[in-house]
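Structural description and commentary
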Amino acid sequence: MKFFDFSNFRGDVFGGLTAGIVALPLALAFGEASGAGPIAGIWGAIFVGFFASLFGGTGSNVSGPTGPMVVVFAGIFATLSGNPALVFAAVVLAGVLQVLLGIFKMGQYIRLVPYPVVSGFMSGIGCIIIALQLSRLFGHEPDGGGTIPALTAIPEAVMDPNVNALIIGVLTLVVIFTWPKSLGKIIPPPLAALVIGTVSSLFLAGAPILGDIPTGFPSIVIPEFTADTFAIVLEAAILLAVLGAIDSLLTSLVADNMTRTRHDSDKELIGQGIGNTVAGLFGAIPGAGATMRTVVNIRTGGQTKLSGMLHAFVLLLVVVSLSPLASQIPHAVLAGILIKVGYDIIDIGYLKRAHKGPRLDLILMALVLILTVFVDLITAVAAGVVLAALAFVKQLADEQLKQFGGTSDTASSSTPEELDLLTKAKGQVTVFDFGGPLSF
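Residues numbered from 1 in each chain as written. Predicted model: local features only at pLDDT ≥ 70, side-chain atom pairs only at ≥ 80, totals over all residues. Heavy atoms only, no water.

1. Here we look at the side chain of Ser 327
Heads up, the condition is: Helix numbering and strand numbering both begin at the N terminus, where a helix is a DSSP run of H or I of at least 4 residues and a strand a DSSP run of E of at least 2. Any pair of nitrogen or oxygen atoms within 3.5 Å is treated as a polar contact; in protein, a donor-acceptor pairing is required on top of that, and neighbouring residues in sequence qualify only through side-chain atoms on both sides.
Looking at where Ser 327 falls in the secondary structure, it is placed in the loop between helix H14 (305-326) and helix H15 (331-345). Within the structure, Ser 327 has its side chain in polar contact with the side chain of Gln 328 (distance 3.5 Å).

2. Overview of empty space enclosed by the protein
This is how the line gets drawn: Of the grid points, spaced at 1 Å and generated over the protein atoms alone, those admitting a 1.4 Å probe that cannot get out make up cavities, while open sets with protein on both sides within 12 Å along at least five of seven lines make up pockets; any residue with an atom within 4 Å of a point is treated as lining. Grid points are joined across faces, edges and corners, and a volume is the space filled by probe spheres set on the points. Residues are sorted three ways: Asp, Glu, Lys and Arg are charged, Ala, Val, Leu, Ile, Met, Phe, Trp, Tyr, Cys and Pro are nonpolar, and all the rest, Gly among them, are polar.
For the structure on display, the rule yields 2 cavities of 30 Å³ or more. Its boundaries defined by the atoms lining it, the largest cavity holds a volume of some 50 Å³. Lining the largest cavity we find Phe 30, Ala 33, Gly 67, Val 70, Val 71, Ile 129, Leu 132, Gln 133 and Leu 338. Elements with a minimum of two residues in the lining of the largest cavity: helix H1 (9-34), helix H3 (67-79) and helix H6 (115-137). Within the lining of the largest cavity, the residues separate by chemical class into 7 nonpolar, 2 polar and no charged. The space that makes up the second largest cavity amounts to roughly 40 Å³. Together, Ala 29, Glu 32, Ala 33, Gln 133, Arg 136, His 331, Leu 334, Ala 335 and Leu 338 line the second largest cavity. Those elements that provide at least two residues to the lining of the second largest cavity are H1, H6 and H15.

3. Some words on the pattern of salt bridges
Oppositely charged side chains may form a pair once their charged atoms are brought near each other. Keep this limit in mind: For this analysis, a salt bridge means a side-chain nitrogen from Lys or Arg found within 4 Å of a carboxyl oxygen belonging to Asp or Glu. Relative accessibility thresholds used throughout: buried, under 20% of the residue-type maximum; exposed, over 50%; partly exposed, between the two (1.4 Å probe, protein chains only).
All told, the structure shown has 4 salt bridges when counted by the stated rule. A salt bridge links Asp 344 to Lys 340, with the nearest nitrogen and oxygen atoms 2.9 Å apart. Of this pair, Asp 344 and Lys 340 are both found in helix H15, 4 residues apart, which corresponds to roughly one turn of the helix. For Asp 344, a relative accessible area of 43% gives the class partly exposed. Residue Lys 340 is classed as buried on the basis of its relative accessible area of 17%. Measuring nitrogen to oxygen at the nearest pair gives 3.3 Å for the salt bridge that ties Asp 420 to Lys 424. Of the two residues, Asp 420 and Lys 424 are both situated in helix H20 (residues 416-425); the distance of 4 residues between them amounts to about one turn of the helix. When its relative accessible area of 38% is taken as the criterion, Asp 420 is described as partly exposed.

Rendered as structure tokens:
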């Protein structure tokens, strides 16, 4: 895949510009939610977005901070007491691990994580994002990091709300959930919610705002760790690397379906790894392939690496020119935007149709979701993969026994009505029977 392919220049310009506009409010919100600050979210979108597109293996992919990555990073930030040298050492190491995964061609294996496991931890992350933002929607800040403190802080926030912050937050939610699709093609819902919510705060004083946001190019953060902290940093890096790889490759599959192309999984991991390594060195939050921004990019004409790189340049121009304005954005507005992000991450489609599929898949999804919310992602994914593997072995054994018993023949398992139709067709109809276990 060429570094610079100008065959679709016009489409890539429109795609990159639109994706950059969509990414702006999300990057600010993710940066604020991570603990590192909104500017760290913007720089994360710039560095990961540019380098993942330049060196990645999916032409139309747009990368940057995502809900799953921010949830994990926020946990790491809290665990390491916000120490930049340790926190961003984990980000740099995660990027290096992703590059190694690509070099050793591990992309094809990461994609074999079973769908119920992916659905469960993505839905769990969506629930975590909503839980972390509910107190902020009411104008309060939860004490301490993590899901449990956030959940326990909600009743007090509801009983003693900052009324103006709540009005602004509810207005943001209404705008982002009900924004007309016709207008969405011109002004994306998150951007509309950001502008309307911030403007409304000028007439509803008293809601907490972001405050001063640093301007200028970020300084280099020298990663470091001690013998006591190495295990924590390594565990965090492994989690970020694997989660980022899964998130990115799922987005690449979505892009493949929309563009009728085939991405290079290993090259994509190398690009994501380089992007996260650079982001960590400059104190920016990590990222991955972002499904919504990628879809927006493709729908507005983006097809090649140029679109993802241009999306990063759009954000760079915003940082240079509009940072002082961003300081007036209320926390409640970003909370409303993130609640919508959390809702979108929850796999509502799977939950609606889960009762029609294997019961074991639903149980597995629910287990992974509960472990993700109340324990941690590593435990959730590990338990999910092991149980899914055992279920797959059982399915394989059952299928072999079924074939051994001679019950897999199509004709013998057809109903009388089906056999009658086949007889009347006089050989003009062929029945295909797909036997054997279905893969992930």
